[in-house]
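One letter stands for each residue in the lines below.
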Amino acid sequence: MPQDIDFHLPFELRTSPDVEGARTRSLIWARQQGIATSPLDEQRIRQWDIAELMAKWAPSAVGPSLDLTVDAVVACTVYDDQFDDRRLHSAEELDRAVAEVLGVMRPGETWPERIPEAPLYRAFAHVWSRLASGATPDWQRRTARHFRWFMEAGVEESRDRPARKMLGTEQFIPLRRRSGLVYAMMDLSEKAYGFETSARAREMPELCRMLDITSDFITTANDVHSLEKEESRGDPYNYVLVVEHELDCGRREALRTITDLVGDWCREFTAIERRLLDACRAYDLTGQETEAVLRLCECMRSAMRGYDDWSRSTQRYARPVPPAEPAYSSLL
């Protein structure tokens, strides 16, 4: 099975000691927000085990810091599942959903003046209130932009899914960088650890490339490990299928090609990492800015290694889902 594929990343795997507590608190939070209202809802959230993912993604985070990362990703996972079956929502409903969610995640506001009645909007408002608290305006704008990427790209994929539109790599990778949530999740790492990278630092080509590699690996691992589930739903937005189509090859060759590509990405990432301090000096970053860049680099290593381990074991990808079965009850 593709979910069994181990990419053997050269990064250390660590897990937060608070993972069990985070599991319990996350389910309580989901109930309180109204996004877990039935035994089936709770079963799915337990099977996803987002607490395990984020405990490996941000292994030094505990308590409320870890909980915020878990709750944010749970909300985004529920949101993402709303679009798996295009028949559940019209194009107008999808556009409205994006606008409503983004309306409760405004930079400069820690709590919106109006929250739509549907529970998922309330969950996002609660997440954003905690993210925005104590964050600089620049960090809030950047993080809100990254969440916008994820939400708008998800609608774009949902609209095209019924036509089974097959993209080439040059089109597919930029779309997955937006739809994969990874850039927003790296912002969650900063929030969990209480630091921010500056706008100047984010302009460094070296740091931009490392973030792209992190996103490309995580979205690719997601595509490999969830392949059988997505094929069962007729979803063409999977990099394995893109490679098969472009190379006109079978499954085994496509997976071998992707595994080789991951090895290239890891070597490039570590090569950039070795010269990152010199790049910070060349950009005349302050000591504080440089420290934040180096911390983000460590966060990227943890994110890639943690995601790879979680993705191979989560029950979210273990069972092919029949196309007629909604991935989650509608909460929009």
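Please refer to the structure higher up on the page.
Note that the structure is a prediction, hence the values are computed from the model and not measured.

*Asks:* Looking at this structure, I do not really get the overall build of the protein. What am I missing?
*Replies:* The number of helices and strands found in the protein is 16 helices and zero strands. Relative to the 2.2 N^0.38 estimate, which gives 20 Å for 332 residues, the radius of gyration of the protein is 19 Å and therefore close to what a compact globule would have. Considering only C-alpha atoms, the protein reaches an extent of 55 × 55 × 35 Å along its principal axes. With 332 residues in all, the protein has 57% of them scored as buried. Counting contacts in the protein only where the partners sit at least 6 residues apart, residues at least 24 apart contribute 77% of the total. In the form shown here, the protein has an accessible surface area of approximately 14,000 Å², with 49% of it arising from carbon and sulfur atoms. Of the side-chain charges in the protein, 44 are positive and 56 negative, and the distance between the mean point of each set is 1 Å.

*Asks:* Would you mind going over the packing of helix α1 (residues 19-33) against helix α2 (residues 39-48) with me for this structure?
*Replies:* Working note: a packed helix pair is described by the angle between its axes plus the distance between those axes. In the contact formed by α1 and α2, the axes pass within 11 Å of each other and the chain directions differ by 145 degrees. The interaxial crossing formed by α1 with α2 has right-handed handedness. Taken together, the residues of α2 that come into contact with α1 (itself represented by L27, A30 and R31) are E42, I45 and R46. Looking at the contact of α1 with α2 residue by residue, the class counts come to three nonpolar, no polar and three charged.

*Asks:* Quick question: what am I supposed to make of the environment of Y121 here?
*Replies:* Tracing the sequence through the fold places Y121 in helix α6 (residues 119-132). Given a relative accessible area of 1%, Y121 falls into the buried group. Sequence separation of Y121 and S311 is 190 residues, and the distance between their C-alpha atoms is 27 Å. Here R96 takes part through its side chain, which lies 3.4 Å from a polar atom of the side chain of Y121.

*Asks:* Explain the nonpolar core here, please?
*Replies:* Here is a general trend for soluble globular proteins: nonpolar side chains tend to be buried in one another's company. Counting 108 residues, the largest nonpolar core has W57, Y79, F124 and M151 as the members making the most contacts within it. In this structure, Y79 is in contact with V98, V101, L120, F124, F150, M151 and V155, ignoring residues within four places of it in sequence.

*Asks:* Please explain empty space enclosed by the protein as it appears in this structure.
*Replies:* The method is simple in principle: a probe with the dimensions of a water molecule rolls over the atoms, and the space it marks as empty is what remains. For the structure shown, the criterion picks out one cavity of 30 Å³ or more. In this structure, the largest cavity occupies an estimated 610 Å³ of space. Lining the largest cavity we find 33 residues, and of these D80, R176, N222, R316 and Y317 sit closest to its centre. A total of five residues in the lining of the largest cavity trace back to one element, the largest contributor, which is helix α4 (residues 63-81). Along the lines of polarity and charge, the residues of the lining of the largest cavity split into 14 nonpolar, seven polar and 12 charged.

*Asks:* I'm lost on the packing of α1 against α4 in this one. Help?
*Replies:* Running from amino to carboxyl end, α1 crosses α4 at an angle of 50 degrees, the nearest separation of the two axes being 10 Å. With respect to their mutual orientation, α1 and α4 come out oblique. Crossing angle aside, the handedness with which α1 passes α4 is right-handed. Two secondary-structure elements touch here, α1 through A22, R25, S26 and W29 and α4 through G63, L66, D67, V70, D71, V74 and A75. Among the residues forming the contact of α1 with α4, the class breakdown is six nonpolar, two polar and three charged.

*Asks:* How do you make sense of unusual backbone geometry when you look at a structure like this?
*Replies:* Backbone geometry follows two general trends: most residues other than glycine have a negative phi, and most peptide bonds adopt the trans configuration. We note that D49 has phi near 55 degrees; this positive angle belongs to a residue other than glycine. Among the structural elements, D49 can be located in the loop between α2 and α3 (50-57). On the basis of relative accessibility, which here comes to 17%, the residue D49 falls in the buried class. Here the phi dihedral of D284 falls at roughly 55 degrees; this positive angle occurs in a residue that is not glycine. Within the fold, D284 resides in the loop between α15 (276-282) and α16 (287-311).

Criteria and thresholds
Residues numbered from 1 in each chain as written. Predicted model: local features only at pLDDT ≥ 70, side-chain atom pairs only at ≥ 80, totals over all residues. Heavy atoms only, no water. Helix = DSSP H or I, 4+ residues; strand = E, 2+ residues; numbered from the N terminus. Rg over C-alpha atoms; globule rule 2.2 N^0.38 Å. Buried < 20%, exposed > 50% of the residue type's maximum accessible area, 1.4 Å probe, protein only. Contact = heavy atoms within 4.5 Å. Areas by Shrake-Rupley, 256 points an atom, 1.4 Å probe, with all protein chains shown as cover. Lys, Arg positive; Asp, Glu negative; His and termini not counted. Charge placed at Lys NZ, Arg CZ, Asp CG, Glu CD. Axes fitted to C-alpha atoms, helices over the stretch in contact; angles between N-to-C directions. Left-handed = near helix turned anticlockwise from the far one by under 90°. Nonpolar A, V, L, I, M, F, W, Y, C, P; charged D, E, K, R; others polar. Polar contact = N/O pair within 3.5 Å; in protein donor to acceptor, adjacent residues only side chain to side chain. Core = buried A, V, L, I, M, F, W, Y, C linked by side-chain atoms within 4.5 Å. 1 Å grid on protein atoms, 1.4 Å probe; cavity = no way out; pocket = protein on both sides within 12 Å on 5 of 7 lines; lining within 4 Å. Points joined across faces, edges and corners; volume = space filled by probe spheres on them. Parallel < 35°, antiparallel > 145°, perpendicular 65-115°, else oblique.

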